[in-house]
Amino acid sequence: SVATVGRPLTSSNVLAGPSQVGEGGMGGPSGVGGPPTSFGAAGARPAGAPTGARPTGGGMGGGGGATVSTALIRYLEANQGSAKYLVAATSSHTTAPIIIATGKAVVTIGGFSGTDPAPTVSQLAAMVANGELRYVLLSGGGMGGGPGGGSSSSALQAWVKQHGTVVTGVSTSGGTLYRVRA
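Remember, predicted model here, so these are calculated numbers, not experimental data.

1. Some details on the overall build of the chain
Phase 1: A tally of helices and strands in the chain yields 4 helices and 8 strands.
Phase 2: The buried share among the 182 residues of the chain stands at 36%.
Phase 3: Considering only residue pairs separated by 6 or more positions, the chain has 52% of its internal contacts joining residues 24 or more positions apart.
Phase 4: With the model as given, the accessible surface of the chain reaches about 9,500 Å², and the carbon-plus-sulfur share is 55%.

What follows is the structure, given as structure tokens:
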């Protein structure tokens, strides 16, 4: 623990132990004597690696999901009404920045990676019918933000398109916002 005091965190994988000694040393490129890090031996962040919840440029999200603009968040908040959930969207890459920006409940379709079969079509339909959900943000490539989107993702996407109307005039990158009704 003492070895980590005063050292910057260079990855999302928090580790305790001695720092790198250098090329081929502990934690070095050969990996001898040290645990691997998620950003490589020198702690360099690869291109495209997330650095925080609020990227610059006015957008949030990514990594397989839609990028959410601040204008979209303002629209959702202004039109949430009495719905329990602000929006449903695929994967935590899209929903986490929305939660952080608003502090409101959202539905993460497909779980963390966008590939889990949750919620089901009937669960999503029930949320809409009960007035708990008004908006669904579908990623451009479909529901599954990663491999294995599968038939449950296709069924959810089909249901949303059948029971939803595309919201125009609100910016999303890599996705489409739908106003859904039972």
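2. Some words on the sheet that holds strand 8 (residues 175-180)
Phase 1: The 5 strands lie next to each other as 4-3-5-8-6, forming an open sheet whose pairing is mixed. With one partner strand each, in any of the chains shown, strand 4 (107-109) and strand 6 (164-166) form the two edges of the open sheet. Sheet twist, expressed as the average angle between the axes of neighbouring strands with direction ignored, equals 30 degrees.
Phase 2: In this sheet, strand 8 lies alongside strand 5 (residues 135-139) in antiparallel orientation, the contact comprising 5 bridges. Considered in strand 8, the bridge of serine 139 is made with glycine 175.

3. Some thoughts on the nonpolar core
Phase 1: Core analysis: the largest hydrophobic core is formed by 16 residues, its most contacted members being Ala88, Leu124, Leu133, Val136, Trp159, Val160 and Val180.
Phase 2: When residues of this core are traced back to their parent elements, those giving at least two are strand 4, helix 3 (121-129), strand 5, helix 4 (150-163) and strand 8.
Phase 3: With 4 residues, the single largest contributor to this core is helix 3.
Phase 4: Leaving out residues up to four positions away in the same chain, alanine 88 has contacts with Val107, Ile109, Leu124, Leu133, Tyr135, Val136 and Leu137.
Phase 5: Of all hydrophobic cores here, the second largest spans 15 residues; its members include Ile73, Val87, Val170 and Leu177.

4. A word on the packing of aromatic side chains
Phase 1: Under the definition given, this model contains 1 aromatic pair.
Phase 2: Ring geometry for tyrosine 75 against tyrosine 135: centres 5.7 Å apart, planes inclined by 75 degrees, an arrangement best described as edge-to-face. With a gap of 60 residues between them, tyrosine 75 in helix 1 (residues 70-79) and tyrosine 135 in strand 5 connect regions that are remote in the sequence.
Phase 3: A cation over a ring is seen here: arginine 179 above tyrosine 135, with NZ or CZ 5.7 Å from the ring centre.

5. Describing helix 3
Phase 1: Turning to helix 3, its buried residues number three or more, namely Leu124, Ala125, Met127 and Val128. Each buried residue of helix 3 sits inside an arc of 155 degrees when the element is viewed along its axis, so together they form one side. Facing away from the buried side of helix 3 by more than 90 degrees, the exposed set consists of Ser122 and Ala129.
Phase 2: Where helix 3 terminates, the next one or two residues include glycine 131, which has phi positive at roughly 75 degrees.

6. Some remarks on helix 1
Owing to its 3.6 residues per turn, the α-helix aligns residues three or four sequence positions apart on the same side.
Phase 1: Within helix 1 the residues assigned to the buried category are Leu72, Ile73 and Leu76. Along helix 1, the residues classed as buried sweep out an arc of 100 degrees about the axis, all on the same side. Of the residues in helix 1, the exposed ones pointing more than 90 degrees away from the buried face are Arg74 and Ala78.
Phase 2: Two residues or fewer after helix 1 comes glycine 81, characterised by a positive phi angle close to 60 degrees.

7. What about the pairing of strand 8?
Two faces, one strand: in a regular strand the side chains alternate between the faces of the sheet.
Phase 1: Burial analysis of strand 8 places 5 of its 6 residues in the buried class, the great majority of the element.
Phase 2: As judged from the 3 bridges shared by strand 6 and strand 8, these two strands associate in the antiparallel manner. Considered in strand 8, the bridge of valine 166 is made with tyrosine 178.

8. Some thoughts on the environment of tryptophan 159
Phase 1: Here tryptophan 159 shows up in helix 4.
Phase 2: On the accessibility criterion, tryptophan 159 (10% relative accessible area) is buried.
Phase 3: In sequence terms tryptophan 159 and leucine 124 are 35 residues apart; their C-alpha atoms lie 9.1 Å from each other.
Phase 4: Here tryptophan 159 is in contact with Val121, Leu124, Ala125, Val128, Val180 and Arg181, once residues within four sequence places are set aside.

Rules behind the numbers
- Residues numbered from 1 in each chain as written.
- Predicted model: local features only at pLDDT ≥ 70, side-chain atom pairs only at ≥ 80, totals over all residues.
- Heavy atoms only, no water.
- Helix = DSSP H or I, 4+ residues; strand = E, 2+ residues; numbered from the N terminus.
- Buried < 20%, exposed > 50% of the residue type's maximum accessible area, 1.4 Å probe, protein only.
- Contact = heavy atoms within 4.5 Å.
- Areas by Shrake-Rupley, 256 points an atom, 1.4 Å probe, with all protein chains shown as cover.
- Pairing = 2+ DSSP bridges.
- Axes fitted to C-alpha atoms, helices over the stretch in contact; angles between N-to-C directions.
- Core = buried A, V, L, I, M, F, W, Y, C linked by side-chain atoms within 4.5 Å.
- Phe/Tyr/Trp six-rings, centres within 6.5 Å; stacked < 30°, edge-to-face > 60°.
- Lys NZ or Arg CZ within 6 Å of the ring centre and 35° of its normal.
- Arc of directions from axis to C-beta.

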